Amino acid sequence: MQLRYNYRAYPDACQRRALAQAFGCARVVWNDCLRDRKEAHAAGLPYVTSAELSRLRITQAKRTAERSWLAEVSAVVLQQSLRDLDAAYKNFFDSLKGKRQGRKAGPPRYKSKKDTRQSIRLNTNAFSVQDDGTVYVAKVGNLKVTWSRRLPAAPTSLTVTKDSCGRYFLSFVVDTEADILPELDTEAGIDLGLSAFAVLSDGTKISAPRFLRRAEKKLKRLQRELSRKAQGSKNRAKARIKVARQHAKVADRRRDWHHKESTKIIRDNQAVYVEDLAVSGLGRTRLAKSVHDAGWSAFVRMLAYKAVKHGRAFAKVGRAFPSSQICSACGFRDGPKPLHIREWTCSACGTVHDRDHNAARNVLLEGRRIVAAGRAETLNASQSAGKTRTKVPAQRGEAGSPRKGQTTQAGIPGL
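Residues numbered from 1 in each chain as written. Predicted model: local features only at pLDDT ≥ 70, side-chain atom pairs only at ≥ 80, totals over all residues. Heavy atoms only, no water.

## Digging into the sheet that holds strand 11 (residues 205-207)
Put simply, the test is: At least two DSSP bridges between two strands are needed for those strands to be called paired. Runs of H or I in DSSP of at least four residues are treated as helices and runs of E of at least two as strands, each being numbered from the N terminus. Throughout, an axis means a line fitted to C-alpha atoms (over the contacting stretch in the case of helices), and angles, computed between N-to-C directions, take values from 0 to 180 degrees. We call two residues in contact when some of their heavy atoms are within 4.5 Å.
Across the sheet, five strands lie side by side as 11-10-9-12-13; this open sheet has mixed pairing. With partners counted over all chains shown, the strands left at the sheet margins are strand 11 and strand 13 (313-317), one partner each. When the angles between neighbouring strand axes are averaged without regard to direction, this sheet yields 20°. In the packing of helix 8 (residues 296-309) onto the sheet, the strands contacted are strand 9 (187-192), strand 10 (196-200), strand 12 (271-275) and strand 13, and the crossing angle to strand 13 comes to about 145°. Together, strand 9, strand 10, strand 12 and strand 13 form the strand contacts of helix 9 (residues 355-372), whose direction differs from that of strand 9 by roughly 125°.

Shown next as C-alpha cells:
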C-alpha cells in the first residue's frame, strides 16, 4: 500500500525564487497543453496525444525565444505536469463513462499564478534524501526539512507545495507493507453528529472540539482589518497572509485531532462501521459552518485507509438507513423524530434510548449485516483483510507514524 508523509521545508531566498520559477514553468506547460487539447476538440480534430504535446510544448518550446526559460528548471517538473494533466483527463473521462466512483469529476481547468496553492511533482530522478537530513531537489538545491518522523521506506515520488500562507511542504509517497495489528473481539458502530462529534456503540462519546468556532473572534478581527486595506497594496497582501495563517492553524488542529481519534478507534476495534452522511448536502443548510467545522468526510476517509493499513474491517452504512428511528433493543421502527428530541421511549418494548447511542448501536448491527452479506463498501471486508498487498492510493493528508518496534527505517540518518 502507499502512504504519504508530509514535512515542513524551509527554503532560503534563492531556493524560494527557484521554486517560484518551477511552479510557474509547470503551470505554463499545463496551460499550453490544455489549450492545445481544447482547441483540437473545438475544431473537431482527434485527441492530442501526450507524446505530441511533450514534443511541441516542452522539447521544441525550450528552443523558442518565448519559452526559452523552460530550460532553466528540471525537465522532470515539466514532464510530471503533463502527466498530471493526463490524469485529470482520465478522471474526467472515467467519470463521464461511470467508471469512477464518487462525485462527478469536471474537465481540467487553466491554472493561475494567483492560485493559493502552488505545487510541483518529482520522481526519484530529480530528488534525493541526503545524509545530513536535507532533501536535494534538482535545479533548486538542498532544502532544509523538519523531520517529525522517519520514513518507513525509500520514497517513490515527491511533491513540493506552497500553501496560501507561504509555507512550504514536502510530501513523500512511500510504498510499504500493511502494519497488521493483533486481532480483537470488539467492534464499533459510529454515529456522527454536531452536539457530540461521534458516539460509539459502546456508549463512548467524543466531544466536538469546534476549532473554527473557537477561532472565530480572532478571524473576525483579522478579516475586518483585511477589508479595510486598499486593493493591490502591500498592506493588504500582509493582512491576507495573516488571515490565511489563522485558517491554516484551524485546519492543522482539526487534522491532527482527526488523526489521533481515528487511530485510537481503529486500534481498539477489529471492525468499524460508520454511517455514510450526505455532507455536501448538509453543507448547504443553515448548519453549514458547523458541518464543515466538524470535518466528517476527512475523518471517515482516515478511518477507511487506516483500516486497510492495520488489517481492520470497515464498512459504510447507507445514508437511507433509519438509524434514529429503529429501537436497537427490539427492532421496532418508531418513526422519524425531530432533531431536538435527544431521548425517546420505544412504544413497543418501553426501552428509553439516548438518540445518538441508539443510532450507533443500529449502525453496528447494520454494518455486521452488510459484512456478513458480502456487500461491504470496502477493500478489506474479508478474512484476508490486510494479509495481501492491497492497492490503496496515498492520502494527501497522511501523517502516519510507524508503530513502536518497527525495524524498517530509511532515508533520514541520525533520527
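There's plenty left to go through after this.
## Side note on the packing of aromatic side chains
Centre distance and the angle of the planes are the two values used to describe a pair of aromatic rings. Convention followed: Centres within 6.5 Å are what make two rings of Phe, Tyr or Trp a pair, Trp counting through its six-membered ring; a difference in plane orientation under 30 degrees is then read as stacked, over 60 as edge-to-face, and the rest as tilted. Think of it in three bands: residues with accessible area under 20% of the maximum for their type are buried, residues over 50% are exposed, and the middle band is partly exposed, with areas taken using a 1.4 Å probe on protein chains only. Put simply, a charge is over a ring when the Lys NZ or the Arg CZ is close to the ring centre, within 6 Å, and near the line of the ring normal, within 35 degrees.
With the rule as written, the count across this model stands at eleven aromatic pairs. Centroid distance Phe 197 to Phe 299: 5.0 Å. Interplanar angle 85°. Geometry classified as edge-to-face. Taken together, the positions of Phe 197 in strand 10 and Phe 299 in helix 8 put the pair 102 residues apart, joining distant regions of the chain. Each of the two residues, Phe 197 as well as Phe 299, counts as buried. Members of the aromatic cluster, each reached through a chain of ring pairs, are Tyr 7, Phe 127, Trp 147 and Phe 172. Cation over ring: Lys 111 sits above Trp 30, and NZ or CZ is 4.1 Å from the ring centre. Stacked on the ring of Trp 344, the Lys or Arg Lys 337 has its end atom at 4.1 Å from the ring centre.

## Looking at the pairing of strand 2 (residues 118-123)
Judged by which residues are buried, strand 2 turns out to be one-sided: Gln 118, Ile 120 and Leu 122 face inward and are buried, whereas Ser 119, Arg 121 and Asn 123, on the alternate face, are not. Pairing geometry for strand 2 and strand 7 (residues 155-162), over six bridges, is antiparallel. When the sheet's bridge partners are listed, Ile 120 is paired in strand 7 with Val 160.

## Here's the deal with the pattern of salt bridges
So the rule is basically this: Any carboxyl oxygen of Asp or Glu that lies within 4 Å of a side-chain nitrogen of Lys or Arg is treated as forming a salt bridge with it.
Taken as a whole, this structure holds 21 salt bridges when the rule is applied. Among the ionic pairs, Arg 167 bridges to Asp 163, the shortest N-O distance being 2.8 Å. With a relative accessible area of 17%, Arg 167 lands in the buried category. Here Asp 163 falls in the buried class, since its relative accessible area comes to 15%. With a closest N to O distance of 3.5 Å, Glu 216 and Arg 213 form a salt bridge. Note that Glu 216 and Arg 213 are positioned in helix 4 (residues 211-227) at a spacing of three residues, about one turn of the helix. Under the relative-accessibility criterion, Glu 216 is labelled buried at 16%. One salt-bridge network, in which partners are shared between bridges, spans Asp 163, Arg 167, Asp 252 and Arg 255.

## Digging into the nonpolar core
Our working rule: Throughout this description, the term nonpolar core refers to a set of buried Ala, Val, Leu, Ile, Met, Phe, Trp, Tyr and Cys residues connected via side-chain atoms within 4.5 Å.
Core analysis: the largest hydrophobic core is formed by 49 residues, its most contacted members being Ile 120, Leu 122, Val 135, Leu 158, Leu 170 and Phe 172. For this core, the element with the highest residue contribution is helix 1 (residues 13-42), accounting for eleven residues. Residues within four places of Leu 170 in sequence aside, it is in contact with Tyr 5, Asn 6, Tyr 7, Ala 9, Val 135, Leu 143, Val 145, Leu 158, Thr 159 and Val 160. Grouped together as the second largest cluster of nonpolar side chains are 27 residues, Ala 198, Ile 266, Val 272 and Val 291 included.

## A short note on the packing of helix 5 (residues 234-268) against helix 8
Pairs of packed helices are described in terms of their axes, by the angle between the two and the distance that separates them. Short version of the rule: Comment on the angle field: the value is read as roughly parallel under 35 degrees, roughly antiparallel over 145, roughly perpendicular from 65 to 115, and oblique elsewhere. Throughout, a crossing is termed right-handed when the near helix is turned clockwise from the far one, and left-handed when it is turned anticlockwise from it by less than a right angle. Each residue is assigned to one of three groups, with Ala, Val, Leu, Ile, Met, Phe, Trp, Tyr, Cys and Pro labelled nonpolar, Asp, Glu, Lys and Arg labelled charged, and all others, Gly among them, labelled polar.
For the pair helix 5 and helix 8, interaxial distance at closest approach is 9 Å and the crossing angle is 45°. Put simply, helix 5 runs oblique to helix 8. Pair helix 5 / helix 8 crosses with right-handed handedness. Taken together, the residues of helix 8 that come into contact with helix 5 (itself represented by Arg 255, His 258, His 259, Glu 261, Ser 262, Thr 263, Ile 265 and Ile 266) are Ala 298, Phe 299, Met 302, Leu 303, Tyr 305, Lys 306 and Ala 307. Across the contact of helix 5 with helix 8, the residue classes tally to eight nonpolar, four polar and three charged.

## A word on the state of the cysteines
Our working rule: When two cysteine sulfur atoms are found within 2.5 Å, that pair is recorded as a disulfide.
Overall, the coordinates contain zero disulfides when judged by the stated rule. Between Cys 25, a cysteine without a disulfide, and Cys 33, which holds the nearest cysteine sulfur, the sulfur-to-sulfur distance is 13 Å. The exposure class assigned to Cys 25 is buried, which follows from its relative accessible area of 2%. Of all cysteine sulfurs, the one in Cys 349 lies closest to Cys 330, which takes part in no disulfide; the gap is 3.6 Å. Classification of Cys 330 by relative accessible area gives partly exposed; the value is 40%.

## Quick look at the pairing of strand 10
Two faces belong to every sheet, and in a regular strand the side chains alternate between them. Burial within strand 10 is extensive, with five of its five residues counted as buried. When strand 9 meets strand 10, the two strands line up antiparallel, connected through three bridges. Residue pairing in the sheet places Leu 192 in a bridge with Ala 198 of strand 10. The hairpin turn running from strand 9 into strand 10, its antiparallel successor, is three residues long. By the bridge criterion, three bridges tie strand 10 to strand 11 in an arrangement that is antiparallel. Directly across from Ala 196, in strand 11, lies its bridge partner Ser 207. Connecting the antiparallel pair strand 10 and strand 11 is a turn made up of four residues, with Gly 203 showing a positive phi of about 100°.

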